[in-house]
Every structure is written in C-alpha cells, then in structure tokens.
Amino acid sequence: MLRPFLLLAAASLFIVPAFSQAPIRITADLSQAPRKLYSAEIDIPVEPGPLELTMPEWIPGTHGPTGRVTDVVNLTFTANGKTLLWRRDDVDMYGFHLTVPAGATSVHVHLDSVVTARASDKIAVLEWERLMMYPAHVPVAKIPIQPTVIVPAGWGIGTALTPTGSYDPNAKVGGPTEFAATTVEQLEDSPVIAGEYFHEFALAPEISPKHYIDVVSDQPKDSNLRPEVLDEISNLVREASAAYGSHHYHVYHFLLTLSDIAGGEGLEHGQSSDNGTGELGFADARHQLSNADLLAHEFTHSWNGKYRRPATLYQPDFATPQVGELLWVYEGMTQYMGNVLAARSGLETPAQYRDRLAISAANLDYKPGRDWRTTDDTAIASSISRRPGPDWANLKRGQDYYQEGELLWLDADTLIRQLTNDQKSITDFQHIFLGKGGNTGPLIVPYNRQELIDDLNQVVKYDWAGFLHDRVDLINPHADLAGIERGGYKLVYEDHPSASEKLEESVSSARRPRGPDVWYSLGLRIGTDGSISDVRWGGPAGKADLAPGEKLIAVNGRAFSTENLHDAIVAAKSSKDPIHFLMQTEDYIRPVSVDYHDGERYPVMVRDDSKKDYLDEITTTLIKSPAKTAVATK
Ligand SMILES: [Zn+2]
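These figures come from a predicted structure and were not determined experimentally.

Chemist: Quick question: what am I supposed to make of the overall build of the chain here?
Modeler: For the chain, the count of helices and strands is 19 helices and 32 strands. Taking 634 residues into account, the globule formula puts the C-alpha radius of gyration at 26 Å, and the chain, at 26 Å, falls close to it. Within the chain, the fraction of its 634 residues that count as buried is 57%. Considering only contacts within the chain whose residues lie at least 6 apart along the sequence, 73% involve residues at least 24 apart. For the chain, the accessible surface area stands at approximately 25100 Å², while carbon and sulfur atoms represent 54% of it. Charge separation in the chain, taken as the distance between the mean sites of 58 positive and 85 negative side-chain charges, equals 2 Å.

Chemist: Please clarify how helix α18 (residues 562-573) should be interpreted in this entry.
Modeler: Given 3.6 residues per turn, any residue in an α-helix points the same way as the ones three and four places further on. With 12 residues, α18 should cover 16 Å at 1.5 Å per step; its first-to-last C-alpha distance of 17 Å lies within 8% of that length. If you check which residues of α18 are buried, you get Asn564, Leu565, His566, Ala568, Ile569 and Ala572. Turning to α18, the residues buried within the fold contact β24 (517-518), β25 (524-526), β27 (551-555), β28 (558-559), β29 (579-585) and β31 (602-607).

Chemist: Just checking my understanding: could you explain the pattern of salt bridges for this structure?
Modeler: One pass over the structure, following the stated rule, counts 31 salt bridges. For Glu504, the salt bridge identified is with Arg356, shortest N-O distance 3.4 Å. Placement of the pair is Glu504 in helix α16 (residues 499-511) and Arg356 in helix α8 (residues 350-365), with a sequence separation of 148 residues. On the accessibility criterion, Arg356 (15% relative accessible area) is buried.

Chemist: Mind showing me how you'd approach the environment of Pro34 here?
Modeler: Tracing the sequence through the fold places Pro34 in the loop between β1 (24-29) and β2 (37-45). According to the relative accessible area criterion, Pro34 is partly exposed, its value standing at 34%. With 86 residues separating them along the chain, Pro34 and Ser120 place their C-alpha atoms 5.2 Å apart. Aside from chain neighbours lying at most four places away, what touches Pro34 is Ser120 and Asp121.

The rules we used
- Residues numbered from 1 in each chain as written.
- Predicted model: local features only at pLDDT ≥ 70, side-chain atom pairs only at ≥ 80, totals over all residues.
- Heavy atoms only, no water.
- Helix = DSSP H or I, 4+ residues; strand = E, 2+ residues; numbered from the N terminus.
- Rg over C-alpha atoms; globule rule 2.2 N^0.38 Å.
- Buried < 20%, exposed > 50% of the residue type's maximum accessible area, 1.4 Å probe, protein only.
- Contact = heavy atoms within 4.5 Å.
- Areas by Shrake-Rupley, 256 points an atom, 1.4 Å probe, with all protein chains shown as cover.
- Lys, Arg positive; Asp, Glu negative; His and termini not counted.
- Charge placed at Lys NZ, Arg CZ, Asp CG, Glu CD.
- Expected span 1.5 Å × (residues − 1).
- Salt bridge = Lys/Arg side-chain N within 4 Å of Asp/Glu carboxyl O.

Treat this as a map of the structure, not an account of what it does.
Here it is, written out as structure tokens:
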C-alpha cells in the first residue's frame, strides 16, 4: 500500500498551475534513426503569459542526472503560427522560459535529438526523456500526455504502451502508431524499440498478466531467438511469479536489442525493460553466459526498484535530485535475485552461477578501497560513480553496492533458512515486502530501512537492524562471504580459472582480446600490449611501486607477451628470485623487481561437505515442471 505521508509531503512542495487538463500530444519520429537523429513534435496546452517548460534530468534507474538535454538541437517554439523567443534558465539547464501570447491556447515545440548510442540503420531505441517537454514545477504523475510513434515502413515496434487501434507488431507495417494517453511519469517509464528485423514472442502463455519479448537486431537471423532461449525466458516469467508472489503491471514487455552498434544497455521500467547486448548476445549458450542475468535482473526491478522504491529515490518530478541510500536493496537484492533466477530458469547452470559468484565475491574481497569507504557510501555517491575509470579502480570502489548487496542478500537468505530449520527463505520476505497491496498496475510505493527491518522480522525474529548496520554502515576490510560459507561452499584460489571464466574469456577474446588475468597473483590489470590499467593497492606489484598508466615491456629479459608473463609467474613459484620487469612510463624506462612466489591464482568455489548445500537449494526451480511453450504472436 502507499505511504501517503511521504507522497503528500512531497506533493505539497509543488503548485499545480491552472493549465488545461487536455493532454500534451507528442509525436516521436524515429524514421531518421540511420542518420542518428530522432524528432519530436509536441503540442502543449497552455494559458497566455510566462511559461517554463522542462525536460527530465534525474532519470529513474540510472540513479543520476543523466537526462539528454545536451543532445537537443533545432529547438523551436511556436504559438498562433508565430515563432516564440525562448531563453534557457540561467541555473537549470533543462528549463526553457518563454511568453505565451494573448489568445494562444497551445504551444508547439519542435526538437531534434542527436542519438549516438542506441540507433543504427536497422534499429531505433527510444527512452522518452530525450524527446519529452512539459510544464516545469508540476508533479509528472499529474501531467497527461498522448504519444504517437513514427517508424520507417516495414519496421516493427515493441513497447508496453497501449495502441489505440488494432496493432499487430509482427505485421511490421511501419509509419505512425498512436498510443493511449498516459502521464509524463509513465511515458518516461515506457520505452520503445523499433526495427526492420523485429519479432515479438509471447511467453509463458498460462501466466496472467501477459508477457512478451520484443527483439530487434542488425542481422536478420539474430532477432529470431532460438526456441531454447524462449523456453528459458518463459521459465524466467514463471520463476519470478513464484518467487515474488505478486505483479505490478498490466502487461510486461522485455525489449531486447541485439546489436554491436545499438546494444549495450540494461534499464528497468515498471511494465518493460530496455535490454541490449552485442549482436551475438543470445546466439548460443557460449555467448549467452555473460548475459545470463540481464533479463532476470531488469525484470526483477519491476518489483524491486519500480514498485518498491527507496523513499529518497522517488521524487515527484525529474528535476529534484534523487538520494542513493538503500541502493544496496534496489540494486543489491536485484543483483542477487537476477543471478538466482537466471540459474532457476536455465539461462545459466547452477555450476555457472557458482563460478560467476566466485568471481564477483573475489573481486570485492580483493578491493583495498573498502578500507576507507563503506558500502553505504558507494550507494550515496552513486550519481558520481557511474563510470569511475580503470585507474586505481580498486581504491575507488565505484558502484560496489550491486555486488556487495548480492552477498548481503545471500547471507540473509541462507540465515533465514538456517534460523527457520529450512521452513522459510528470502521468498517469504519477498512475498511480504514486494507484494504489499497485492497485485497492482504500475505504481510506486516508497519504503525506508525500518520497513525492511520490520518485514524481515515478520519472517523470522533476528537482530536485522544490527545485521544490516554491520554490513552496510561499517568499514569492512573483507567481503561478506558468510552466505557462501553457510551455503556450503568456500571461495578458494586455484592455479587455473573456472570453466565459466574460461568460456567467457574465449567469447570476449574472439572479439576484443583480453590481457592476462593476474589480478589475484601479481595484482595487475593488464592489456594484451602490456599497458597497465590498474594496480592492486598493497598487492605484489603495488608493493613494487607499479602504477596505472605504465607499460610492462619486458619480463625476465624477454619482450612482454601474455605467455611470457604466465611463464614467469609459474617459474617464480619454485625460485627465490623475484620476477624482473622492465617498465615504461612516458619516455622513461626503469627495471622493477616483483617479489612474488605464490603462482597463478584464480577464484573458484569448492564444496564444503561439512555444511548443507544451500546454494544448490537456492538455484533449484520453484516451479516443479515448467511447460515448454513459447509461441510467436499472430
Ligand atoms: Zn539494476
């Protein structure tokens, strides 16, 4: 249910102006996508006098001020057939001031948006914040807007918006499609993908409400997903329904872009998700592994993040800054469940789940930045940590609340199982926490840390306040490995990578060769040419004063190569001599000795037979015998 005191307090900051309640009409023209330009024609009902219009700045799901006002070009305003002068706000770069002349009842806005990342000759992806304009200082849930989308002839459109006429996406008619009026808040939450190579598939037909996956690709064959993948995504729908016990959408569309040009995205929405990978992302089981949790993660956000949202991350407009505390729930619990659901639905195997968890946990455990920053601080500073860069990344920490949260919720899940003699699990908590109010349409229900603690206590009485405080608010030099250990496994380091790490490396190396993995041995991130992007603080190379930006040009008297470096690490294991490097920094060359003798080290998970195998239980399907039925819509 809604927490009205929070919403009322926020709404009272706003004055609702007396503009007409007729909807804004916006037509998004994506037919210039091959030229990297989208256009919008917008008609905004107004009254004469001063007017401030705005575009979204703080974009939900990105946790930062990532609006696209800098991409706007050819902006013009007209009323009564006359061009209006406009002036940008001096402080708020998203605000535009103009004066509506006497007698005018609407302002027409034209703008183009330069789209460099999400468009190709065959694909257009639209997140509406790049085109929307509407009156400033009004709660966006209170502004009606009616969208129309134009795409090239022969293109299909995938979206959770409701078409006003009969619309068959697989007919790929192209041209304009009109959608039912909604609000600015909901339109921002309803992206569109369009493309020449387009397929819409219905998923898990026995589940209500309806679920679809809409796929666009640059290559004709890629959008026609394999039957095995469609079965796995249908299983994902079934497993999520069972895990969360509620839903908060009228219909759900997975929007998937398979493109080396327009892919590379994962953005959650209430009734859809904008997912993008390289063009071969789901082409076979090998490529699929590195994307295994993408759909499950973004789907989970419909419950955790969209429906249940930390109160400080919800603002009634897209202009007020969002506060990132509790992102270790919003993103952290989603990170945990995304990987768990991927394993339960067959998008990855339980062994692959454990391999990938080992890599993630090891990365956190070998991160010296945790000596100065709490996990809470990585969440609060989320908006400035999106792309921290590789230099000294291990000291920066970046957005660790994702993976820290994954370990924290695994810890909580295994603890609930143990405390209740296997009678309960995180599923019981999620049924309470994510299902408040039962099934609903798209809605935002804010929460705070105390509600989280109360709901955990409803599952099993425990010092949950202390549990969260210890893991989130305190400096912890080591990662929270308690869930892995209580779950029946140990994180150890062996002289060869796990099967999954090898597989992922073989796939990525085919396209972009990776340098040697010596992070847990020498403590270096290094490219195929010897360029060093990061040095682990306090690690063997760090103690020898190596730094990011340097280049390793020779190892033990021979020119650097991946093979030579591995050979040197192995040889040093049975020698007392240090490994001799020749380093280049700008124009300077210097010899360096690295005193390291522990051989190759890669993180893997090994079974601890003295404990119950909770990880096996956690990755076991909740649905007993999933039906194998994914069918294309007519
Ligand atoms: Zn996420």
